[in-house]
Amino acid sequence: YLRDDSGQLTFAEVQGMAFTSFQGPLTQGYQANAAYWLRFSLRADDATAPPFILRLRPAWHDDIRLFDPADPRPAPRVTGDRHPWFAGEVGSLSHGFLLTRTAYPRDIYLRVQSVHSYLIEAQALAQIEAMRADTVLLTLYVIYIGVLVVAIGWAFASYSRTPDRVIGVFGAYQFCQLLYYIFIVGLAQIIFDNSLPPAWIDRLTTVLIIAAAGLAMVFHIVLLQHHGVARWCAVAMKVIASIPVLSMLIYLVGEPTRAVAANGMAIAMFSAMALVAALAGVPADRPGGGATLPRRWLRFFYVLVSAIGLLAASPLLAWLNTGWLSFDLYLLHSAIVTITMGMFLSYRQRRIAEHLA
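Residues numbered from 1 in each chain as written. Predicted model: local features only at pLDDT ≥ 70, side-chain atom pairs only at ≥ 80, totals over all residues. Heavy atoms only, no water.

**Digging into helix α6 (residues 231-241)**
- Taken together, the buried positions of α6 are occupied by C233, A234, M237, I240 and A241. Projection of α6 onto a plane perpendicular to its axis shows the buried side chains occupying an angular sector of 125 degrees, all on one side. Those residues of α6 that are exposed and aimed more than 90 degrees away from the buried face are R231 and V239.
- On the buried face of α6, the contacting elements are α5 (198-226), α7 (243-252) and α8 (256-280). (Buried < 20%, exposed > 50% of the residue type's maximum accessible area, 1.4 Å probe, protein only. Helix = DSSP H or I, 4+ residues; strand = E, 2+ residues; numbered from the N terminus. Arc of directions from axis to C-beta. Contact = heavy atoms within 4.5 Å.)

Written out as structure tokens, the structure is:
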């Protein structure tokens, strides 16, 4: 790979420059106005065999251009979330290109530019393998969307019967999470391809990334305050939770990369602080506190979600390369919170209803 800090280098210029070798996903964090050039060496192959697919994840990269010496077209081929989905070469949840096989080895180049984190995985897959991978991903996405819809419906139905602050915040958080999920995994680009310009989808993705992080922090603050967390912990978490608000303002003044970078840092800081609050700031169990989680379970929950939250934020900030897990850890984190808190809050709502009766 080669980092172009100016974002202005041409294909002819980068061909004579030194590239840095890498393995696995490329994790380079947030780089405002930069572009990354990736060079891949392809072996000689059977030229009569069907083309294979160069598959690129995740779906949030704005502009991806392919320079292939085997392609006679003068202009590079393009894809990315700022380009129409139907115009892409590969009808997939991920970005990709069809690559012909040649009887001679060759180097191909990708130019990637994005306002989001430069977390890039490239896979060379046969077309049937790419279809299977997309089927698995789509199945998992649909299952989790179904879980989110159930959680949202239950939360608002429960809140309408017995208003409860924790339940209400949980419902709002899950609704924002649903929208965020649809946009971040690339489903929005497919669903709204004919109704919204790609640039709008890209902007909404950035807004939802920030909004979902802010609402998640608000929910955890409300949950921990319900369990009597120490005042100093609550104050520290509220200070960190103000960063997404600042990130949104930074985005509105035209600095999207700095906005999402600050947001990613806030996620890492809040994950660590929530763990400290659960371990050191939650008092002992209260007698008859049936509408709260026992302290040992609350601690276990925050050890789990904080560890996953930190691991999910680390590749985005270029702190750690977690391999293929880098792309799905943040979704695993959301799923654990949704399912675990849904079960606990359902139990809590029953106890509140029994108490009122």
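**Examining the packing of α6 against α7**
- With their axes 5 Å apart at the nearest point, α6 and α7 run at an angle of 10 degrees to one another. In terms of axis orientation, α6 runs roughly parallel to α7. Mapping the contact onto sequence places V239, I240 and A241 in α6 and I243, P244 and V245 in α7.
- Classifying every residue of the contact of α6 with α7 by side-chain character gives six nonpolar, no polar and no charged. (Axes fitted to C-alpha atoms, helices over the stretch in contact; angles between N-to-C directions. Parallel < 35°, antiparallel > 145°, perpendicular 65-115°, else oblique. Nonpolar A, V, L, I, M, F, W, Y, C, P; charged D, E, K, R; others polar.)

**Let's talk about unusual backbone geometry**
- Cis geometry is found at the peptide bond from R57 to P58, where omega equals -5 degrees.
- Within the secondary structure layout, P58 lies in the loop between β4 (52-57) and β5 (63-67).
- Phi angles above zero are rare outside glycine, and N33 is one such case at about 70 degrees.
- Within the secondary structure, N33 is located in the loop between β2 (26-27) and β3 (35-42).
- One non-glycine residue, A318, adopts positive backbone phi at about 65 degrees.
- Summarising the element assignment, A318 is placed in the loop between α9 (295-316) and α10 (329-356).
- Its relative accessible area of 36% is what places A318 among the partly exposed residues.

**Some details on the sheet that holds strand β6 (residues 77-79)**
- Taking strand neighbours across the sheet as the criterion, the five strands line up as β1-β3-β8-β5-β6 in an open arrangement whose pairing is antiparallel. Every other strand in the sheet has two partners, leaving β1 (2-4) and β6 as the edge strands with one partner each. When strand polarity is set aside, the average angle formed by the axes of neighbouring strands in this sheet is 20 degrees. (Pairing = 2+ DSSP bridges.)

**Digging into the confidence of the model for the protein**
- Across the protein, the average pLDDT comes to 87, with 97% of residues at or above 70.
- When pLDDT is averaged over each element of the protein, α7 comes out on top at 95 and α10 at the bottom at 77. (pLDDT = per-residue confidence, 0-100.)

**Observations concerning the sheet that holds β2**
- Strand order in the open sheet formed by four strands is β2-β9-β4-β7, and the pairing between neighbours is antiparallel. Single-partner strands in this sheet number two, and they are β2 and β7 (95-99).
- Note: β4 against β7, five bridges, orientation antiparallel. Bridge pairing links I53 to L98 in β7.
- Strand contacts of helix α2 (residues 127-161): β4, β7 and β9 (119-125), with the helix running at about 35 degrees to β4, the strand carrying the most contacts.

**As for the nonpolar core**
- The biggest cluster of nonpolar side chains holds 74 residues, and the ones touching the most others in it are Y141, Y181, I184, F219, L224, Y302 and M341.
- Among the secondary structure elements, those contributing two or more residues to this core are α2, α3 (165-184), α4 (187-191), α5, α6, α8, α9 and α10.
- Among the elements that make up this core, the one with the highest residue count is α3 (twelve residues).
- Once residues lying within four places of it in the same chain are set aside, the contact partners of Y302 are H220, L223, L224, A274, L275, A278 and A307.
- F52, L66, Y118 and I120 belong to the second largest nonpolar core, which has 18 residues in total. (Core = buried A, V, L, I, M, F, W, Y, C linked by side-chain atoms within 4.5 Å.)

**Side note on α2**
- With 35 residues, α2 should cover 51 Å at 1.5 Å per step; its first-to-last C-alpha distance of 51 Å lies within 8% of that length.
- Among all positions in α2, only A130, D134, L137, Y141, Y144, I145, L148, A151, I152, A155 and S158 are buried. (Expected span 1.5 Å × (residues − 1).)

**A closer look at the pairing of β5**
- Of all five residues in β5, four are buried; the element is thus mostly enclosed.
- For β5 and β6, the ladder comprises three bridges, and the chain directions are antiparallel. Looking at β6, one finds that R65 is bridged to V78.

**So, the environment of S247**
- Tracing the chain through its elements places S247 in helix α7.
- As a C-alpha pair, S247 and A261 span 14 residues in sequence and 8.4 Å in three-dimensional space.

**Observations regarding the pattern of salt bridges**
- Within the structure shown, the criterion is met by twelve salt bridges.
- Each of D68, D71, R73, R77, E89 and R106 takes part in one network of salt bridges that share partners. (Salt bridge = Lys/Arg side-chain N within 4 Å of Asp/Glu carboxyl O.)

**With respect to the environment of S158**
- Position of S158 among the secondary structure elements: in helix α2.
- Through-space distance from the C-alpha of S158 to that of T20 is 55 Å; in sequence the pair is 138 residues apart.
- Ignoring any residue separated from it by four or fewer positions in sequence, one finds S158 in contact with I167 and Q349.

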